[in-house]
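Results of the structural survey
Each chain, written out:
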Amino acid sequence: MADMIVQSPEEVVAYLKAQHNLIEDMFDDVLHASDPQAREKPFVELRQLLAVHETAEEMVVHPRVRREADAGDGIVDARLKEEHEAKELLSEIEKLDVTSQEFIDQVTKLRDAVLDHARHEESEEFPILQRELDSDDLKRMGSAVRAAEAIAPTRPHPGVESAKLNFAVGPFASMLDRARDLIKQAIG
């Protein structure tokens, strides 16, 4: 999974935008796999990146947007609602046969929702951070996002969309998810 994490740039907004682009490409890899059986590996990688990316935003970005903007609460609450819905859909997709048309239909639905969510972040949240924070703060936030991703769960956990819940539940969920991922990888 480490190869999926964008290593640069240092500044949080550029880093997260680069991840948004990577996520879009990964959706294409899943949806356009040459063989239905070949969907599984890129889907697992996509699921992992979505999980760590959203957790990091919930822990680092959203709380800062709430503090920095008068309208921050409304903006963040709308993003958290989108994230919750995406986590629920992703949890349902995990149960589907990757070779089925239903899988493709649901991944397409998820892709549309995730890309719309990313556009909202880029047009509503990121400009607030860029306007209110200096470059050192943006770099520190970039480091904090990478640290949060390193310990984040690798599977969706609907209902855990706040910074407080991610700090309280996240380490345990992450440990269980990462053990589950290793066991699944070992047994195939």
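Here we summarise the structure given alongside this text. Keep in mind that this is a model prediction, so the values were computed, not measured.

The secondary structure content of the protein amounts to 6 helices and 0 strands. Beginning at the N terminus, the succession of helices and strands in the protein can be written as α-α-α-α-α-α. The long-range share in the protein, meaning contacts at least 24 apart out of those at least 6 apart in sequence, stands at 74%. For the protein, the accessible surface area stands at approximately 9400 Å², while carbon and sulfur atoms represent 54% of it.

Another point: helix 2 (residues 40-68). Helix length check: helix 2, at 29 residues, gives a terminal C-alpha distance of 40 Å against a target of 42 Å (1.5 Å per residue), a fit within 8%. Burial analysis of helix 2 places 21 of its 29 residues in the buried class, which makes it a mostly covered element.

Time to look at the packing of aromatic side chains. A full pass over the atoms with the stated rule returns 1 aromatic pair. Ring geometry for Phe 43 against Phe 103: centres 5.2 Å apart, planes inclined by 75°, an arrangement best described as edge-to-face. Taken together, the residues span a long stretch of sequence, with Phe 43 in helix 2 and Phe 103 in helix 4 (residues 101-132) at a distance of 60 residues. Summarising the burial analysis for this pair, Phe 43 and Phe 103 share the class buried.

It is the contact of helix 1 (residues 12-31) with helix 4, at a shortest axis distance of 10 Å, that shows an interaxial angle of 170°. Accordingly, the angle class assigned to the pair helix 1 and helix 4 is roughly antiparallel. For the contact of helix 1 with helix 4, the residue count by class is 15 nonpolar, 3 polar and 6 charged.

Right, let's talk about helix 3 (residues 72-93) for a bit. When the terminal C-alpha atoms of helix 3 are compared, their 31 Å separation across 22 residues agrees well with the 32 Å that a helix rising 1.5 Å per residue should span. For helix 3, the complete set of buried residues consists of Gly 72, Ile 75, Val 76, Arg 79, Leu 80, Glu 83, Ala 86, Lys 87, Leu 89, Leu 90, Ser 91 and Ile 93.

The subject of this paragraph is the pattern of salt bridges. Applying the stated rule across the entire model yields 16 salt bridges. The partner of Asp 28 in a salt bridge is Arg 111, with the nearest N and O atoms 3.4 Å apart. Pair noted here: Asp 28 is in helix 1 and Arg 111 is in helix 4, with a separation of 83 residues, a long-range link. What makes Arg 111 buried here is its relative accessible area of 18%. One salt bridge in this structure joins Arg 79 and Glu 82, with 2.7 Å as the shortest N-O distance. Of the two residues, Arg 79 and Glu 82 are both situated in helix 3; the distance of 3 residues between them amounts to about one turn of the helix. What emerges from the salt-bridge pattern is a single network uniting Arg 64, Glu 68, Asp 137 and Arg 140.

Before going further, it helps to spend a moment on the side chain of Glu 57. Residue position: Glu 57 is located in helix 2. Non-local contacts of Glu 57, meaning those with residues more than four positions away in its chain, are made with Leu 16, His 20, His 62, Pro 63, Glu 83, His 117, Glu 121 and Phe 126.

Criteria and thresholds
- Residues numbered from 1 in each chain as written.
- Predicted model: local features only at pLDDT ≥ 70, side-chain atom pairs only at ≥ 80, totals over all residues.
- Heavy atoms only, no water.
- Helix = DSSP H or I, 4+ residues; strand = E, 2+ residues; numbered from the N terminus.
- Contact = heavy atoms within 4.5 Å.
- Areas by Shrake-Rupley, 256 points an atom, 1.4 Å probe, with all protein chains shown as cover.
- Expected span 1.5 Å × (residues − 1).
- Buried < 20%, exposed > 50% of the residue type's maximum accessible area, 1.4 Å probe, protein only.
- Phe/Tyr/Trp six-rings, centres within 6.5 Å; stacked < 30°, edge-to-face > 60°.
- Axes fitted to C-alpha atoms, helices over the stretch in contact; angles between N-to-C directions.
- Parallel < 35°, antiparallel > 145°, perpendicular 65-115°, else oblique.
- Nonpolar A, V, L, I, M, F, W, Y, C, P; charged D, E, K, R; others polar.
- Salt bridge = Lys/Arg side-chain N within 4 Å of Asp/Glu carboxyl O.

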